[in-house]
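Chain and residue survey
Each chain, written out:
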Amino acid sequence: LRQKYLEAIAGAGDEAALEDIRVAAVGKKGEVALKMRELGKMSPEERQVMGPKLNALKDEINAALAARKEALGDAALDERLKTEWLDVTLPARPRPAGTIHPVSQVTEEVTTIFADMGFSVAEGPQIETDWHNFDALNIPPHHPARQEFDTFYMHREEGDERPPHVLRTHTSPVQIRAMLAQGAPIRVIAPGRVYRSDYDQTHTPMFHQIEGLAIDRDISMANLKWTLEEFCRAFFEVDEVELRFRASHFPFTEPSAEVDLRCSWQDGRLKVGEGDDWMEILGSGMVHPKVLEASGVDPNEWQGFAFGIGIDRLAMLKYGIPDLRAFFDSDLRWLRHYGFSA
Ligand code: PHE
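My aim in this report is to walk through the structure given alongside it, one point at a time. (Residues numbered from 1 in each chain as written. Predicted model: local features only at pLDDT ≥ 70, side-chain atom pairs only at ≥ 80, totals over all residues. Heavy atoms only, no water.)

1. A closer look at the site of the ligand
So the rule is basically this: Here a residue is near a molecule or strand as soon as one of its heavy atoms is found within 4 Å of it. Two N or O atoms count as a polar contact when they lie within 3.5 Å, although within protein this holds only if one can serve as hydrogen donor and the other as acceptor, and sequence-adjacent residues are included solely when both atoms are side-chain atoms. Note on areas: Shrake-Rupley, 1.4 Å probe, and residue coverage restricted to the protein chains presented here. Strands here are runs of E lasting at least two residues and helices are runs of H or I lasting at least four, both read from the DSSP assignment and numbered beginning at the N terminus. Only Asp, Glu, Lys and Arg are considered charged in this grouping, and only Ala, Val, Leu, Ile, Met, Phe, Trp, Tyr, Cys and Pro are considered nonpolar; every other residue, Gly among them, is considered polar.
Around the ligand, a shell composed of 14 residues is seen, among which His170, Ser172, Arg196, Gln209 and Glu211 lie nearest. Histidine 170 places a side-chain nitrogen or oxygen 3.0 Å from a nitrogen atom of the ligand. Protein contact buries 92% of the 330 Å² of open area that the ligand shows by itself. For the shell around the ligand, the secondary-structure elements that each account for two or more residues are strand 5 (206–216), strand 9 (277–287) and strand 10 (303–310). Across the shell around the ligand, the residue classes tally to four nonpolar, eight polar and two charged.

Here it is, written out as structure tokens:
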């Protein structure tokens, strides 16, 4: 019996086989148990010899089962370690991470600076009614300014009842929307995409502007000047800037000014605040009374300034990017070079 079971145990290939052997040998109805039951029929002398022998056999089989079980477990573990090993010294697989586009980066920077000055963010649609884009901004249908904008008009089918729409040519229509929605007083900025049919090294048919609008009872041109200077100091990270307000004309502001920034170019990098060059960075002025009127704001009670900054232009200046067209080519090498890490 001993020989038979010890051999079977040694030959068992897995835990299930071991369990079968255990039941057959030392289970309640196993062979060893049956033999033990026979002890009762034996003479006391026989029992004294056989009892300890059977008990020892039972112990020996249990021990053999346990040992074999452990050996099988070790073998299984060895097998797993062999097939499922990890090489912790292997270099990690590269996980391609995108970059933040300079336009997004600069939009974020500009928005943060104006938010710190108490401006909140407003938005408007890129497909705009020509009323918001032109009429409400004091540009009536046959005004020459409509030509200057190189507008993209939305196609209209015969009998279309909807008002005519354009791809907005500037963010100024958001002035109208913000005032209609919030009234006065108001301080908002509105970053976004704008469209004009134009294409060369510094013009793309889609580009970005950020509009600013501040209306209150006694806001003046002086407030505009301070706000823009403060913005330039923060944006270009310099202690002093010099701005030049050049008389200009926009139908929606009176007076109007284009604003230039004193700068110089040193080794292809822009130096702000010193030098003999002037870089135009924005258009601005005091909001025209007709624009306030069209927006439901009483021009006898309220006044204020507005400005429109070219975001892409700012990005080119601050980060020394030469060609605007490359901004929108989605060339991965360009994006890696000029992009910002998240
Ligand atoms: N909307 C003008 C442009 O696109 C800029 C501007 C905005 C001028 C606000 C004055 C006031 O050129």
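2. A word on the packing of aromatic side chains
Stated precisely, the cut-off is as follows: What counts as a ring pair is set by centres within 6.5 Å for rings of Phe, Tyr and Trp (its six-membered ring), and what kind of pair is set by the plane angle: stacked under 30 degrees, edge-to-face over 60, tilted for all other angles. Burial classification: accessible surface area is computed with a 1.4 Å probe over protein chains only, and a residue below 20% of its type maximum counts as buried, one above 50% as exposed, and the rest as partly exposed.
Summed over the entire model, instances satisfying the criterion amount to 11 aromatic pairs. Considering the side-chain rings of phenylalanine 114 and phenylalanine 119, the 5.4 Å spacing of their centres and the 75° angle between planes classify their relative orientation as edge-to-face. Like phenylalanine 119, phenylalanine 114 is buried. Ring pairs connect the aromatic residues Phe114, Phe119, Phe231, Phe235, Phe236, Phe305 and Phe307, which therefore count as one cluster.

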